[in-house]
Amino acid sequence: MDSIDFMPDERAEALALAGRLMRLMQPVTRPGDTSAVRRLLQANAATLRRDRFGLHPVLRHMHTAILLAERLSPDRNMALALMLYEYVRTGAVERAQISADWGEDVAHMVDGLLNVATLYSRKAAVETDNFRKLLLTFADDIRVIIIMIVDRLALMQAINHHPDAEAVRHVAAEASYLYAPLAHRLGLYAIKGELEDLAFKYSNREMFTRIARKLNQTKTHREKYIADFIEPVRRRLKAEGLNFEIKGRTKSISSIWNKMKKQKNDLDEIYDLFAIRIILDVPPELEKNQCWLVYSIVTDMYRPNPARMKDWISIPKSNGYESLHITVYGPEERWVEVQIRTRRMDLVAEKGLAAHWRYKGIKSEGGLDTWMNNVRDILEAGADGPLELMKNMRMDVYDKEVFVFTPKGDLYKLPMGATLLDFAFSIHSSVGSHCTGGRVNGKNQRLTYRLRSGDTVEIFTAQSQTPKTDWLNIAVTSKARNKIRVALKELAGRRAELGKELLQRRFKNRKIDIDDPQLSRAIVKAGYKNITDFYTAIADEKLDVNDVIDLYTSFDRTDDTTSGSTHISASEYVMPDPLADAEHTSQSSDILVIGDNIKGINYRMARCCNPIFGDDVFGFVSSEGVIKIHRNDCPNADNIRRNYPYRLIRTRWSGKNGSQFAATLRIVGQDELGIITNLTSIINKEKNSSLRSISIDSNDGLFQGFVVVGVSDTSVLNQLIKKIKTIKGIKDVQRSK
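These numbers come from a predicted model, not from an experiment.

The rules behind the values
- All residue numbers refer to positions counted from 1 along the written sequence of the respective chain.
- Side-chain atom pairs in this predicted model are given and counted only at pLDDT of 80 or more, local residue features only at pLDDT of at least 70, and totals for whole chains, interfaces and linings cover all residues.
- Excluding hydrogens and water, the side-chain figures rest on all heavy atoms present in the structure.
- A 1.4 Å probe that fits into a set of points on a 1 Å grid over the protein atoms alone but cannot get out defines a cavity; an open set with protein on both sides within 12 Å along at least five of seven lines defines a pocket, and lining residues are those with an atom within 4 Å of a point.
- Grid points are joined across faces, edges and corners, and a volume is the space filled by probe spheres set on the points.
- What counts as a helix is a DSSP run of H or I of at least four residues, what counts as a strand is a run of E of at least two, and both are numbered from the N terminus.
- Residues are sorted three ways: Asp, Glu, Lys and Arg are charged, Ala, Val, Leu, Ile, Met, Phe, Trp, Tyr, Cys and Pro are nonpolar, and all the rest, Gly among them, are polar.
- A pair of strands counts as paired when DSSP detects no fewer than two bridges linking them.
- Angular values range over 0 to 180 degrees, each being the angle between N-to-C directions of two axes fitted as lines to C-alpha atoms, with helices fitted over their stretch in contact.
- Residue contacts follow a heavy-atom distance rule, with two residues in contact if any of their heavy atoms lie within 4.5 Å.
- Orientation categories follow fixed angle ranges, with anything under 35 degrees roughly parallel, anything over 145 roughly antiparallel, 65 to 115 roughly perpendicular, and all other angles oblique.
- Note on convention: the crossing is left-handed when the near helix lies turned anticlockwise from the far helix by less than a right angle, right-handed when the turn is clockwise.
- Throughout, exposure labels follow a simple rule: accessible area from a 1.4 Å probe, protein chains only, divided by the maximum for the residue type, with under 20% read as buried, over 50% as exposed, and the rest as partly exposed.

What follows is about empty space enclosed by the protein. Here the idea is plain: a probe the size of a water molecule rolls over the atoms and shows the empty space left. One pass over the structure, following the stated rule, counts two cavities of 30 Å³ or more. In this structure, the largest cavity spans a volume of roughly 60 Å³. Around the largest cavity sit Asp 515, Pro 517, Gln 518, Arg 521, Arg 607, Asn 610, Ala 662, Thr 664 and Val 708, which together line it. Contributions of two or more residues to the lining of the largest cavity are made by helix H21 (516-525) and strand E17 (661-670). Per element, the largest residue contribution to the lining of the largest cavity is three residues, and it comes from H21. Residues that form the lining of the largest cavity fall into these classes: three nonpolar, three polar and three charged.

Here it is as structure tokens:
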């Protein structure tokens, strides 16, 4: 950096600026302020450095302080904060000394300016809404924002024709995107217009010069033209006895260029280079009449352009905007736009639903709108020292959000209370899923760290890391929580598939066929509510596969033991020779009658189809000599009849049944709260039926599963199925074969 010593011309400029500033600030300064500031500047001058444009900071800050006093209002504390903060930033002066010598309010604004300087040191892209929001958050005081806006104007005025064209264009873009819109929202229209003109000039000097030359007048001349246009109108309106206010403006060069681009017209076709606004003070019942009266007066004096007539009084805009717009041919053959409205209409247009900055298409931001309008009211109040009224107005508009940086300067917005884990998922799902922690402002932090605005966050990841269930207690954003749930579900699915493969492989090694209803009974018996948790427990070795097999096969032993005592007997029956002639067997009149008094016959119900009393059934003599009773529509019936016709036994039910049979139902429905409760309630309330086991698995809002019920016969089962189908949310009920 260059030395901070004043050059000869700078020394003379500094003396002139100091005198001018003291005259402007004289009404608000206190005894000793000037000498105290001078002593501090002289004692610590060596600590200062020129900025990247080679500008002396003392000169730049004096320029800014003068602009503040001239364009807004002289304010002691703002001027002091502006002149002193550079010394605190370089460490020459302690913050405590500022508070002790000039008051806590000055020290508070110095803090805000230092925070903003820190924000700029992050080299974040300013062309984002998040940067502007973070700027407002860091400033913490609207007066700091006003200082920044005016300081940017002072800088823009100072860098015209600077040799570093790229740096100048960067400042111009920043002023156009960031500071001009803020100035507009605060009602600092003159500063906003000058910022936009300078930004346009530095970014497109050739077009700026061409438009300026084509206008062939200076801004002063254009303002004189407006004054000359207004004066005869003012006299006519007074003669009519109207109460009114006339505001005139000349369109800025940047606005002209924007309109040329938007309308794709040349300068000669832009009609509102000059504009005036007539605001009437009138009772509501006379609004329309007096607006049209003014319209008649103006069009009598100047020739109107009918194609440019816009009547938003008879039919207001959808946003509530009301006004009469006419374009008339003024002196020197120039078009002038005239807007006619009442005080109420102007209030709605400026601060209501159709506030001017919304009318121009600038995005609304809820609470910021109201807050900025309050600030603008103070600025427009016209009282002595309006900036003093903002002392207690803190920038808490974004107190429900935090803004954090990546090491590369990218800026992210998250809700207040967001954690390091939330930030990781906001970057990418993969980053969040593998996050192990991070480094915040150079210090290692855990996933639970609560982010603060301005933090620079670097995320640590590891491929071995996977989402944990307790992460749902750490994350606060819905985005992160939803992604964690999805990841956990995917992990559970993969673990369940692994567990299923392990179980199937072990069953195959033991040469045991898996029967789904019997496995469902084993799952329920083992204490698992759904099949996914069951398989996951096997994969995680929380459940031993051998224990599962023992539990599964125990049902076979139990059924073998109970079948002879519980199941019904048959009347007289002679066991046929399994090797007898097939034709003879098929024509045999022997029938196994399952009724009340069968004894001594070794038989049981087949597990593949689970027949119950009332089903059409047949008997099959197995190789072990046990008769298995199958339903006629059993999935294995065709294979048995085709390959083993000589082992078939005609079978029928007889008498009244006094026992219950197990029947398996496959049920599909919507995964809604209470639906399973309704299902089990209906089963238990039904006469001659009972719930034995249930196994449910849900996926994508649907559930499906198997319910094993005990019923006395097919009529009870059919009646139960009909009632289950009436439950809201049940899509399908089928008896499992």
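Further notes follow.
What follows covers the sheet that holds E17. Consider a sheet: its strands pair through backbone hydrogen bonds, and that pairing is either parallel or antiparallel. Pairing is antiparallel across the open sheet formed by four strands, whose spatial order is E18-E19-E17-E20. This sheet does not close on itself; its edge strands, each paired only once, are strand E18 (689-699) and strand E20 (730-735). Going across the sheet, the axis of each strand differs from the next one's by a mean of 20 degrees, ignoring polarity. As judged from the five bridges shared by E17 and E20, these two strands associate in the antiparallel manner. Opposite Val 668, over in E20, you have Asp 732 as the bridge partner. Strands E17, E18, strand E19 (702-711) and E20 of the sheet are contacted by helix H26 (residues 675-685), whose axis makes an angle of about 160 degrees with E18. Sitting on the sheet, helix H27 (residues 714-725) is in contact with E17, E18, E19 and E20, with an inclination near 165 degrees to E20.

A separate point is the side chain of Gln 465. On the secondary structure map, Gln 465 appears in the loop between strand E11 (457-461) and helix H20 (478-509). With residues near it in sequence (within four places) discarded, Gln 465 still touches Ser 433, His 434, Cys 435, Thr 436 and Trp 471.

What follows deals with the packing of helix H3 (residues 57-71) against helix H4 (residues 76-89). Taken N-terminus to C-terminus, the directions of H3 and H4 make an angle of 165 degrees; their axes are 9 Å apart at the nearest point. Comparing their axes, H4 and H3 come out roughly antiparallel. Where H3 crosses over H4, the handedness of that crossing is right-handed. Of the residues in H4, those in contact with Val 58, His 61, Met 62, Thr 64, Ala 65 and Leu 68 of H3 are Met 78, Leu 82, Met 83, Tyr 85, Glu 86 and Tyr 87.

Another point: the sheet that holds strand E9 (residues 435-440). The antiparallel open sheet is built from three strands, whose spatial order is E10-E9-E11. The sheet is open, and its two edges are formed by strand E10 (443-445) and E11, each paired on a single side. Put simply, the sheet's adjacent strands are angled 30 degrees from each other on average, direction ignored. Direction of pairing for E9 relative to E11: antiparallel, over a ladder of five bridges. In the strand pairing of E11, Cys 435 is matched with Thr 461. Across the sheet, helix H18 (residues 420-427) touches E9, E10 and E11, and the angle it forms with E11 is around 80 degrees.

For Asn 441, which is not glycine, the phi dihedral falls at a positive 50 degrees. In this structure, Asn 441 sits in the loop between E9 and E10. Phi at Lys 511 takes a positive value of approximately 55 degrees, unusual for a residue other than glycine. Residue class for Lys 511 comes out exposed when judged on its relative accessible area of 78%.

Positionally, Gln 660 belongs in the loop between strand E16 (648-653) and E17. Using a relative accessible area of 32% as the deciding quantity, one classes Gln 660 as partly exposed. Sequence spacing of Gln 660 and Asp 713 is 53 residues, and the spatial spacing of their C-alpha atoms is 7.5 Å. Contacts of Gln 660, omitting those with residues within four sequence positions, involve Asn 688, Ser 689, Ser 690, Arg 692, Gly 710, Val 711 and Ser 712.

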